[in-house]
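Read off the chains here:
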Amino acid sequence: MDKNKLAQYRILKLEIDDLEEKLSNIENKFVMDKVQASAIEYPYNLYSLKICGLEEDAYTEKLKLRLRRRIRKCKSVRLEIEDYIDSIQDARIRYIFTKRYIDGWTWIKISMRLGSTNEAYARILHDRFFKTL
């Protein structure tokens, strides 16, 4: 796992939300139309009839499949990142990674939360962890 992949976590969450919203907007697309109808028997009086339903075409189906595939891929990468962070043995390093990559905290805020007056304390521990790998 590298820093670039870890940094993608928060963007993946945003992308998943956007893709799910697009998918729900496609699935809820109703169409309505008006047609002329008449009675089966004489007298054949014409009247207007409203019809409605879901718009289904080849493009819409392909788009739904593509969006679902992208959602699965994003969730898979997100889960991989979460599993990596959970697998870190040192609680302090795990806390730093969680706050930095999942919660999006700044290095200064993490360092202060850990009780350090040095604002680069969390970043130093983070970088040292990567060097030991």
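Residues numbered from 1 in each chain as written. Predicted model: local features only at pLDDT ≥ 70, side-chain atom pairs only at ≥ 80, totals over all residues. Heavy atoms only, no water.

Undergrad: Please set out the overall build of the protein chain residue by residue, giving values where relevant.
TA: Along the backbone of the protein chain there are 6 helices and 2 strands. In the protein chain, the succession of helices and strands from N to C terminus is α-α-β-β-α-α-α-α. The C-alpha radius of gyration of the protein chain comes to 27 Å, more than 25% above the 14 Å expected for a compact globule of 133 residues. Projecting the C-alpha coordinates of the protein chain onto the three principal axes gives extents of approximately 90 × 25 × 20 Å. Burial status across the protein chain gives 26% buried among its 133 residues. Summarising the internal contacts of the protein chain: among those between residues at least 6 apart in sequence, 54% fall at separations of at least 24. By element, 52% of the accessible surface of the protein chain is carried by carbon and sulfur atoms, the whole surface being about 9800 Å². Of the side-chain charges in the protein chain, 27 are positive and 21 negative, and the distance between the mean point of each set is 6 Å. (Helix = DSSP H or I, 4+ residues; strand = E, 2+ residues; numbered from the N terminus. Rg over C-alpha atoms; globule rule 2.2 N^0.38 Å. Buried < 20%, exposed > 50% of the residue type's maximum accessible area, 1.4 Å probe, protein only. Contact = heavy atoms within 4.5 Å. Areas by Shrake-Rupley, 256 points an atom, 1.4 Å probe, with all protein chains shown as cover. Lys, Arg positive; Asp, Glu negative; His and termini not counted. Charge placed at Lys NZ, Arg CZ, Asp CG, Glu CD.)

Undergrad: Can you explain the nonpolar core? Please cite residues and give values.
TA: With 27 residues, the main nonpolar core has Leu 6, Ile 81, Tyr 84, Ile 85, Ile 93, Ile 96 and Phe 97 as its most contacted residues. Every element with two or more residues in this core is listed here: α2 (9-27), α3 (58-86), α4 (91-102), α5 (107-113) and α6 (121-132). Considering every element that reaches this core, the biggest residue donor is α3, with 7 residues. If sequence neighbours within four positions are ignored, Phe 97 has contacts with Leu 6, Tyr 84, Ile 85, Ile 88, Ile 102, His 126, Phe 129 and Phe 130. (Core = buried A, V, L, I, M, F, W, Y, C linked by side-chain atoms within 4.5 Å.)

Undergrad: Kindly report on a positive patch on the surface, identifying the contributing residues and their values.
TA: There is a patch of like positive charges on the surface, built from Lys 62, Arg 66, Arg 69 and Arg 72. Within the element layout of this structure, Lys 62 appears in helix α3. (Patch = residues over 30% accessible without salt bridge, like charges linked within 9 Å, V, L, I, M, F, W, Y side chains within 5 Å. Salt bridge = Lys/Arg side-chain N within 4 Å of Asp/Glu carboxyl O.)

Undergrad: Please give an account of α6 that cites residues and values.
TA: Helix length check: α6, at 12 residues, gives a terminal C-alpha distance of 17 Å against a target of 16 Å (1.5 Å per residue), a fit within 8%. Residues of α6 that are buried: Ala 122, Leu 125, His 126, Phe 129 and Phe 130. Down the axis of α6, the buried side of the element spans an arc of 135°, and every buried residue falls inside it. Of the exposed residues in α6, the ones pointing more than 90 degrees away from its buried face are Arg 128, Lys 131 and Thr 132. Residues of α6 that are buried make contact with α1 (3-7), α3, α4 and α5. (Expected span 1.5 Å × (residues − 1). Arc of directions from axis to C-beta.)

Undergrad: Give me the side chain of His 126: which residues, what numbers.
TA: Within the secondary structure, His 126 is located in helix α6. By relative accessible area, His 126 is classed as buried at 1%. The contacts of His 126, once residues within four sequence positions are left out, are Lys 3, Ile 96, Phe 97, Tyr 101 and Trp 107.

Undergrad: I'd love a proper account of the packing of α4 against α6, names of residues and values included.
TA: The contact between α4 and α6 brings their axes to 10 Å, and the two run at 110°. With respect to α6, the axis of α4 lies roughly perpendicular. Facing Arg 92, Ile 93, Ile 96, Phe 97 and Tyr 101 of α4, the residues of α6 in contact are Tyr 121, Ala 122, Leu 125, His 126, Phe 129 and Phe 130. Across the contact of α4 with α6, the residue classes break down as 9 nonpolar, 1 polar and 1 charged. (Axes fitted to C-alpha atoms, helices over the stretch in contact; angles between N-to-C directions. Parallel < 35°, antiparallel > 145°, perpendicular 65-115°, else oblique. Nonpolar A, V, L, I, M, F, W, Y, C, P; charged D, E, K, R; others polar.)

Undergrad: Outline the pattern of salt bridges, listing residues and values.
TA: For side chains of opposite charge, pairing can occur when their charged atoms come near one another. On inspection of all chains with the given rule, the structure shows 7 salt bridges. Here Glu 61 ties to Lys 64 by a salt bridge, and the two come within 3.7 Å at their closest N and O atoms. On the criterion of helical spacing, the pair formed by Glu 61 and Lys 64 is a turn pair, its members being 3 residues apart in helix α3. By relative accessible area, Lys 64 is classed as buried at 9%. Via salt bridges that share partners, Lys 3, Arg 123 and Asp 127 belong to a single interconnected network.

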